[in-house]
Amino acid sequence: TWHKELIASWEIEKEELKVLFQNRKAKQTLPLMVSSIAKLIQFVYWANNVPVDLAKWNTMDWKFAPVNFKERMDFIFMKPTLHHSFIQLGEMFVEFEKIYEKALALKKL
């Protein structure tokens, strides 16, 4: 159930971010983007049964992760207030939720 709470929290932030981007207030998105990025990284760590260590996220060999996770996260980290970064983050949440649910169903976790 932890992942459902994490996704629900992301959904709330996603709606707030959507409004900020629609109103062209990209600079104001930084705190919410940082929080949302942290949620995705937390999701990936926990789904892989690894304690969160932000210093190592991009050197880990993930069993479960969104496609091109490291490359996409590098882009988001470099430009977190871009609308495209927000879109990428949202796509990775959707992708990873599917990967996680499939792994749970196949009892691989």
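Residues numbered from 1 in each chain as written. Predicted model: local features only at pLDDT ≥ 70, side-chain atom pairs only at ≥ 80, totals over all residues. Heavy atoms only, no water.

### Thoughts on the nonpolar core
Threshold: To define a nonpolar core, start from buried Ala, Val, Leu, Ile, Met, Phe, Trp, Tyr and Cys residues and group those joined through side-chain atoms within 4.5 Å. Partly exposed residues are those whose accessible area sits between 20% and 50% of the maximum for their type, while under 20% is buried and over 50% is exposed, using a 1.4 Å probe and protein chains only. Strands here are runs of E lasting at least two residues and helices are runs of H or I lasting at least four, both read from the DSSP assignment and numbered beginning at the N terminus. Any two residues whose heavy atoms approach within 4.5 Å at even a single point are treated as in contact.
Core analysis: the largest hydrophobic core is formed by 28 residues, its most contacted members being F69, M73, L89 and F93. Put simply, the parts of the chain that give this core at least two residues each are helix 1 (2-22), helix 2 (30-47), helix 3 (69-78) and helix 4 (83-105). When sequence neighbours within four positions are dropped, the list of residues in contact with F93 reads L6, I7, W10, S36, K39, L40 and F43.

### Points about unusual backbone geometry
With phi around 55°, R24 is a residue other than glycine that occupies positive phi space. Inspection of the secondary structure assignment puts R24 in the loop between helix 1 and helix 2. A positive phi is found at N49, a non-glycine position, where the angle reads about 55°. Following the sequence through the fold, N49 ends up in the loop between helix 2 and helix 3.

### Overview of the packing of aromatic side chains
What counts, and what does not: Stacked, tilted and edge-to-face pairs are distinguished by plane angle, under 30 degrees for stacked and over 60 for edge-to-face with tilted covering the rest, among Phe, Tyr and Trp rings (Trp via its six-membered ring) whose centres lie within 6.5 Å.
The full count for this structure, using the stated rule, is 12 aromatic pairs. Here W57 and F77 contribute two aromatic rings whose centre-to-centre distance is 5.3 Å and whose plane-to-plane angle is 55°, an arrangement assigned as tilted. Of the two residues, W57 is situated in the loop between helix 2 and helix 3 and F77 in helix 3; the sequence distance between them amounts to 20 residues. Residue class for W57 comes out buried when judged on its relative accessible area of 7%. Take F77: its relative accessible area is 38%, and that puts it in the partly exposed class.

Spatial relationships are all this shows, so hold off on functional conclusions.
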